[in-house]
Amino acid sequence: MVYLVRHAHAGRKADWQGPDLVRPLTRQGHLEALGLVEQLLGRSVGRVLSSSAHRCLQTVQPLANLLRLPVEPSDALGVEASGADMLPLLTDPALHQAVLCTHGENIGEVFEELRGAGIRLSDRPRWAKGSTWVIERDGPRWRGTYLEPRSVEPAAADRPPR
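Cut-offs and rules
- Residues numbered from 1 in each chain as written.
- Predicted model: local features only at pLDDT ≥ 70, side-chain atom pairs only at ≥ 80, totals over all residues.
- Heavy atoms only, no water.
- Helix = DSSP H or I, 4+ residues; strand = E, 2+ residues; numbered from the N terminus.
- Contact = heavy atoms within 4.5 Å.
- Buried < 20%, exposed > 50% of the residue type's maximum accessible area, 1.4 Å probe, protein only.
- Axes fitted to C-alpha atoms, helices over the stretch in contact; angles between N-to-C directions.
- Parallel < 35°, antiparallel > 145°, perpendicular 65-115°, else oblique.
- Nonpolar A, V, L, I, M, F, W, Y, C, P; charged D, E, K, R; others polar.

1. A short note on the environment of L36
Okay, so step 1: Counting through the fold element by element, L36 comes out in helix 1 (residues 27-40).
Okay, so step 2: Residues L36 and T59 lie 23 residues apart in sequence; the distance between their C-alpha atoms is 8.0 Å.
Okay, so step 3: Ignoring anything within four residues of it in the chain, the contact list for L36 reads V5, T59, V60 and T132.

This is the structure in structure tokens:
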């Protein structure tokens, strides 16, 4: 089982002046990153991997901090990766119960690959910003459970910069 996460809100690419890899989360994105912590806190998480894009790293960093785990950058989760590049991450025993943070287009490609393997989904394929799919393998079959993005207000001392 892995937790396949789409990065939280990072604003519109067209509105960002700098390189896309350093585009940060918006305030809404920071709230969604805290929502990810709330969603996954009671679940077993062994590792946290992420695209090296700043918005992906920021999405999973609060969870990694709380669990005292490093965020491991992975090219297979990068914006240039393909669904086929990501499939080995879903089946690697060393990544059982890992959080994998990537980009929407990558998740769409993963689902195209898994559709051919007959994945059963709890909901229609979608990947809203800040959402998570719990992907499990049940023998030769795949199963996916969708977790809606959640926004959580931080404690006053922990508020992200605006």
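2. What about the environment of G130?
Okay, so step 1: With respect to the helices and strands, the residue G130 is situated in the loop between strand 5 (120-121) and strand 6 (132-138).
Okay, so step 2: Judged by relative accessible area, G130 falls into the buried class, the value being 4%.
Okay, so step 3: Sequence-wise, G130 and A64 are 66 residues apart; in three dimensions their C-alpha atoms are separated by 15 Å.
Okay, so step 4: Ignoring any residue separated from it by four or fewer positions in sequence, one finds G130 in contact with R6, H7, A8, E32 and P149.

3. A look at the packing of helix 3 (residues 83-91) against helix 4 (residues 104-116)
Each pair of packed helices gets described by two things: the angle between the helix axes and the distance between those axes.
Okay, so step 1: For the pair helix 3 and helix 4, interaxial distance at closest approach is 8 Å and the crossing angle is 75°. Considering the angle they form, helix 3 stands roughly perpendicular to helix 4. From helix 3, G83, A84, M86, L87 and L90 reach across to helix 4, where they touch N106, E109, V110, E113 and L114.
Okay, so step 2: For the contact of helix 3 with helix 4, the per-class residue count stands at six nonpolar, two polar and two charged.

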